[in-house]
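Structural characterization, general
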Amino acid sequence: PTPRPDFSRSRLREDGSASRPTDALARRASRIPATVLGFGLGLAALCKLTGLLLFALLPCCLIWPRARRLWRSLTAAFCLGLLVINAGYLFEGSLTPIGQYSFDSPPMKAVAAFLPRWLPVPLPRYFFQGLDAQLAESGYTAYLLGQFNTSGFYTYYLVALLVKTPAPTLLLLGLACVYGGRPSWREMPLMLTAAVLFLFFSLSGHKNIGLRYILFLEPMMAVWIGRLLASPTTAATWLRRTILGATVCLGGIALASWPHYLPYFNWLSGGPDRGHRWLLDSNLDWGQDLVALARYQRRERIAEIDLAYFGRVPPEVYGIRYRTLRAGEAPRNRYVAISANLLWGLTYIVNGDLNYWPDDPAGYAAFRARKPVAILGHSIYLFHVGEGAMTAK
């Protein structure tokens, strides 16, 4: 068999001088088109506002000594990324002087007070105002392990990663840490980016409302797991079989979870039907199962239900025939449907009615002791409350 290359030792150039692997990597990196990186940065920010953090972290790549001569390519990628963002908004309000904005968030007010009023902002007006609106939002209720607060939990995103990431991925991640060898300089930008962003969201405590705020860690974890394939330890039979088995399990989990990916919790945490013990909000219930409820109502020929649904979309859009079940109110129909968030105490707009937001977290607690006749998509609990209700047609 062909021997595996030894990346731990220096190699010789044609002139006989020593050449480290990082030299070759730097040469390869310098040939990567800056346009690819620039488009990637711009599209990431257009898809998710937090993608702007990637622009702030781009200079961190320069901590890699052999890549410091790439600053021209990185600068070009940075500028192209901004151009992509502006193009996505058709350049509406681009380069508007910062003095013409009115800010609501303390961070943006501080920045505006420090900078000269004539300075143009290299972003579209509505994109930039959206950033201010996000920073100005407050009053979110955080939920973790059965506890509520309004200041957030430092361990929120750590727990979310552990219970929402498939167990085979966690296994491979651990193996990559143990058997992947010592981290090299070329891996430092990846590690630093992941660490800085994770700490930023964990310590800020601003929005403990969903794993989606650190979803960027998942592809980074996949890159880190790839270290196993470059490790000499991979030659071990047991490790190859473990990697293969974990990969097959991941495929099986993806198929078994379809189409209910949003409320997914790994089997170590008890699965999606027990997800409410760990997390609520967009980790479990975002009103995504109104379609399933409408189908159930038609299939079972239920004339009307008492409904308390977590979300802003009016249920009648999907053809659901319902009466709003208010917090603490006795049901009038035979069937009652309650969203998981409302059932377990997270209050929000009910049934798309912007004028009704219950204040009592225990408003629907009376139904927690009941056994549901069905849990639709893991997020809507359907109860049969007996006689005294409207007769089904």
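Let us look at the structure shown here. (Residues numbered from 1 in each chain as written. Predicted model: local features only at pLDDT ≥ 70, side-chain atom pairs only at ≥ 80, totals over all residues. Heavy atoms only, no water.)

**Considerations on the overall build of the protein**
For the protein, the count of helices and strands is 13 helices and nine strands. A burial count over the protein gives 40% of its 393 residues as buried. Taking contacts inside the protein between residues at least 6 apart in sequence as the whole, the part at least 24 apart equals 69%. For the protein, the accessible area works out to roughly 21800 Å², and carbon and sulfur atoms hold 63% of it. (Helix = DSSP H or I, 4+ residues; strand = E, 2+ residues; numbered from the N terminus. Buried < 20%, exposed > 50% of the residue type's maximum accessible area, 1.4 Å probe, protein only. Contact = heavy atoms within 4.5 Å. Areas by Shrake-Rupley, 256 points an atom, 1.4 Å probe, with all protein chains shown as cover.)

**A look at the packing of helix H2 (residues 34-47) against helix H4 (residues 71-88)**
Contact pair H2 / H4: the axes reach a minimum separation of 7 Å and the direction vectors enclose 40 degrees. The angle between H2 and H4 places the two elements in the oblique class. Pair H2 / H4 crosses with right-handed handedness. Of H4, the residues touching H2 (which contributes Ala-34, Thr-35, Leu-37, Gly-38, Phe-39, Leu-41, Gly-42, Leu-43, Ala-45 and Leu-46) are Ser-73, Leu-74, Ala-76, Ala-77, Leu-80, Gly-81, Val-84, Ile-85 and Gly-88. Split into classes, the residues belonging to the contact of H2 with H4 amount to 13 nonpolar, six polar and no charged. (Axes fitted to C-alpha atoms, helices over the stretch in contact; angles between N-to-C directions. Parallel < 35°, antiparallel > 145°, perpendicular 65-115°, else oblique. Left-handed = near helix turned anticlockwise from the far one by under 90°. Nonpolar A, V, L, I, M, F, W, Y, C, P; charged D, E, K, R; others polar.)

**Focus: the packing of helix H8 (residues 167-179) against helix H10 (residues 217-225)**
Look at H8 against H10: their axes get within 9 Å of each other, and the N-to-C directions meet at 50 degrees. The angle between the axes of H8 and H10 places the two elements in the oblique class. When the axes of H8 and H10 are compared, the crossing they make is left-handed. Together, Thr-169, Leu-172, Leu-173, Ala-176 and Cys-177 of H8 and Met-221, Trp-224 and Ile-225 of H10 make up the contact between the two elements. In terms of residue class, the contact of H8 with H10 is built from seven nonpolar, one polar and no charged.

**Considering the packing of aromatic side chains**
Enumeration over the complete set of coordinates arrives at 17 aromatic pairs. With 5.3 Å between their ring centres and 70 degrees between their planes, Tyr-179 and Trp-238 make a pair best called edge-to-face. Taken together, the residues Tyr-179 in helix H8 and Trp-238 in helix H11 (residues 237-257) connect sequence positions 59 residues apart. A ring pair is formed by Phe-367 and Phe-383, whose centres lie 5.4 Å apart and whose planes are at 45 degrees; its orientation type is tilted. Of this pair, Phe-367 sits in the loop between helix H13 (340-343) and strand E8 (374-376) while Phe-383 sits in strand E9 (residues 380-384), placing them 16 residues apart in sequence. Residue class for Phe-383 comes out buried when judged on its relative accessible area of 1%. Here the aromatic residues Tyr-156, Tyr-157, Phe-200, Phe-201, Tyr-213 and Phe-216 are joined through ring pairs into a cluster of three or more. Taking NZ or CZ as reference, Lys-48 lies 4.8 Å from the ring centre of Tyr-213, over its face. The positively charged end of Lys-164 is found above the aromatic ring belonging to Phe-265, 4.5 Å away from the centroid. (Phe/Tyr/Trp six-rings, centres within 6.5 Å; stacked < 30°, edge-to-face > 60°. Lys NZ or Arg CZ within 6 Å of the ring centre and 35° of its normal.)

**Describing the pattern of salt bridges**
Using the criterion set out here, one finds four salt bridges in the structure. Between Glu-187 and Arg-227 there is a salt bridge whose closest N-O contact spans 2.5 Å. Of this pair, Glu-187 sits in the loop between H8 and helix H9 (188-204) while Arg-227 sits in the loop between H10 and H11; the two residues are 40 residues apart in sequence, bridging distant segments of the chain. We note that Glu-187, like Arg-227, is buried. When the shortest N-O distance is used, the salt bridge between Arg-323 and Asp-306 registers 2.8 Å. Of this pair, Arg-323 sits in strand E6 (residues 322-324) while Asp-306 is found in strand E5 (residues 305-308), placing the two residues 17 residues apart along the sequence. When its relative accessible area of 15% is taken as the criterion, Arg-323 is described as buried. Under the relative-accessibility criterion, Asp-306 is labelled buried at 0%. Connected through shared salt-bridge partners, Asp-306, Arg-323 and Glu-329 make up one network. (Salt bridge = Lys/Arg side-chain N within 4 Å of Asp/Glu carboxyl O.)

**Focus on a nonpolar patch on the surface**
There is a patch of nonpolar side chains on the surface, built from Phe-39, Leu-43, Leu-46, Tyr-89 and Tyr-126 and spanning about 480 Å² of accessible area. Broken down by element, the nonpolar patch gets its largest block of residues, three residues, from H2. With respect to the secondary-structure elements, Tyr-89 resides in the loop between H4 and helix H5 (106-114). (Patch = residues over 30% accessible without salt bridge, like charges linked within 9 Å, V, L, I, M, F, W, Y side chains within 5 Å.)

**Remarks on the environment of Phe-200**
Here Phe-200 lies in helix H9. As for Phe-200 and Ile-214, which are separated by 14 residues in sequence, their C-alpha atoms are 10.0 Å apart.

**Here's the deal with the layout of surface pockets**
Reported here for the second largest pocket is a volume of approximately 1400 Å³. Across the lining of the second largest pocket, the residue classes tally to 35 nonpolar, nine polar and six charged. (1 Å grid on protein atoms, 1.4 Å probe; cavity = no way out; pocket = protein on both sides within 12 Å on 5 of 7 lines; lining within 4 Å. Points joined across faces, edges and corners; volume = space filled by probe spheres on them.)

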